[in-house]
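This is what each chain is made of:
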Amino acid sequence: MNDPVLVVQGLTVHRGAYAAVQDVSFTVPSGVDTAIIGPNGAGKSTLVQALLGILPHQSGEVRVLGHPLSAKGYLPPAVRQQIAYLPQNFLVDHRIPITVSELVGWGWDRVGPQLPWAGGRARRLAVRDALAKVEAWRLRDQPISSLSGGETKRVLLAYCLVRPRALLILDEAPAGLDVVAESEFYELLHQLKREQGWAILQVSHDLDMVQRSCDRVLCMNRRILCEGTPDQALAPEQLALAYGPELVRYKHSC
Amino acid sequence: MPTELTRIIELLELPFMQRAVMGSVLTGLMGGLLGSFTILRQLSFFSDALGHSTLLGISIGFLLSLDPSWVLLPFSVIFALVVNYILERTQLWTDALLNIIYSSSLAIGIILLSFRDEYRGGITHLLFGDVLAVQKADLAFSAVLLVVCAGFIGLTLRSQILLTLHEPMAIARGVDVSAQRTAFIVLLSLVVGVSIKAIGVLLISAFIVIPACAARLLSRQFNHYILISAGLGAVSAVMGMLLSALFDLPSGPSIVATQLGIFLLAALLSKARILAA
């Protein structure tokens, strides 16, 4: 197995007094696409937010590329640079004047104080290459608020790949897309994953996509209920543990 | 017209007028610079409440027989941090809570001032300011504060923008959101505190909000937006002071009226651009 990019041991995360994530342990190896599935309220987004340091964790250990994430969410900037995050809802206030190029450029920037013109030509070239890879170069001067849902997701992928990353974390990133746009998003995501060698950790409700595209699956409901390949984790008896016996998946060949 | 021009030139040769123009330009630059982020983070009402509440700080200074200028700055910073702390934890609506805070602190400030007989007639000065009374020390402090504001915004610009755009993504990138936000609020409170003497309690928020709104209407890129906002703050200050000198109008209100004119012009230009597209 590849070197682990993310190691989680006994992680517990509270939302107020409620333990939304309890004693969760798993590993995400390099280059592997891992899906987190589970019913609403299972703690999937809470888990992701704790891994990113958006929420503090109460106990357990998280290591990203070998570096520990502090309980309050601190990671060294050089390690942060290796992670890209696509949130569930990227709702931008349309009154904020931001172009596509500007947004993607911020994905390139290092964290910490820097001059407003830092990066210069290297930054501009990285932005151009990233937008070209997701076929969104023509959108470079468009305000973010004018983009369609599918275009926004493409631009966000450019934000992720504008700099080499080791880990991509997606929290239901295709939410809000229609079937065609969602299919295009995943096609692009997996093409980029192959090219970039990303490890991916993604929260998803789309079990068919998980079956088709992911290498490993974590099924959780506050705790990890099962873990394995898609065939193992999406077996009816495993899904019944998380979603209840009413859930039936039909496979069709058309 | 040449007579008017001569009059303006003569006025600008007066040291107090030079200080007034410089003071209003510095305030316009600082207001425009910080205002660009203030309106996008929906802190406009916060800055307004902060301005109104400084009257309480001035009153405390008078009651303690201290120079209000020395009380005003620490009061503004502490007040802003406390209000921000409360706002982050309240279950009430932000605008409702700010309304309670600013109206009550204004009321208490005026009651406290009423205990000092010699200041009963000076309320108008506090409410509308007196840019002509700006001293060299005020200018020096404003200049230093402008450099600090520009340095802070310049060096943290990309983090500030990401934080304004999407806070969870900023945290995921390693931006210390709490520190950045606190630093911004401290600077905003210092700008408000420093500018009260010249601009007054009632009008200071106009310096922060109006040029930034006009700049937003004229900008498509964030970097341009910040520069235009600061530029409009300075331009409206110079134009307002000239109008004030030309027509013998009160200075602070003349600058705010000029800001309004620029805002309306920006709105027209923006509309015309949309129709032409």
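Reading the values: the criteria
- Residues numbered from 1 in each chain as written.
- Chains lettered and ligands numbered in written order.
- Predicted model: local features only at pLDDT ≥ 70, side-chain atom pairs only at ≥ 80, totals over all residues.
- Helix = DSSP H or I, 4+ residues; strand = E, 2+ residues; numbered from the N terminus.
- Rg over C-alpha atoms; globule rule 2.2 N^0.38 Å.
- Buried ≥ 20, exposed ≤ 12 C-beta atoms within 10 Å, placed from the backbone.
- Contact = placed C-beta atoms within 7 Å.
- Nonpolar A, V, L, I, M, F, W, Y, C, P; charged D, E, K, R; others polar.
- pLDDT = per-residue confidence, 0-100.
- Pairing = 2+ DSSP bridges.

S.K.: Would you mind going over the overall build of chain A in detail, with residue names and values included?
M.R.: A tally of regular secondary structure across chain A gives nine helices and ten strands. Computed over the C-alpha atoms, the radius of gyration of chain A is 18 Å, within 12% of the 18 Å expected from 2.2 N^0.38 for a compact globule of 254 residues. If one aligns the C-alpha atoms of chain A with their principal axes, the spans along those axes are about 55 × 45 × 40 Å. Looking at the 254 residues of chain A, the share that counts as buried comes to 42%.

S.K.: Talk me through the interface of chain B and chain A; I want residue IDs and the actual numbers.
M.R.: On the side of chain A, 25 residues touch chain B, which itself brings 25 residues to the contact. Breaking the side of chain B that touches chain A down by element, the ones donating at least two residues are α7 (136–155), α8 (157–165), α9 (167–172) and α12 (222–247) of chain B. The element contributing the most residues to the side of chain B that touches chain A is α8(B), with six residues. Here the side of chain B that touches chain A is composed, by residue class, of 13 nonpolar, eight polar and four charged.

S.K.: Kindly report on the environment of A:Leu189, identifying the contributing residues and their values.
M.R.: Residue and element names in this part refer to chain A. Among the structural elements, Leu189 can be located in helix α6 (residues 179–196). Looking at Leu189, the number of C-beta atoms within 10 Å reads 24, which means it is buried. Along the primary structure Leu189 and Lys153 are separated by 36 residues, whereas in three dimensions their C-alpha atoms are 10.0 Å apart.

S.K.: Provide a residue-level description of the confidence of the model for chain A, including the pertinent values.
M.R.: Here chain A averages 88 in pLDDT, while 95% of its residues score no lower than 70. Mean pLDDT across the secondary structure elements of chain A bottoms out at helix α9 (residues 236–243) of chain A, with 79, and peaks at strand β5 (residues 67–68) of chain A, with 96.

S.K.: Would you mind going over the pairing of strand β8 (residues 199–203) of chain A in detail, with residue names and values included?
M.R.: All names here are of chain A. Of all five residues in β8, five are buried, a share of seventy percent or more. Neither face of β8 is exposed, since Ala199, Leu201 and Val203 on one face and Ile200 and Gln202 on the opposite face are all buried. Across four bridges, the pairing between strand β3 (residues 33–37) and β8 is parallel. If you follow Ile36 over to β8, its bridge partner there is Val203.

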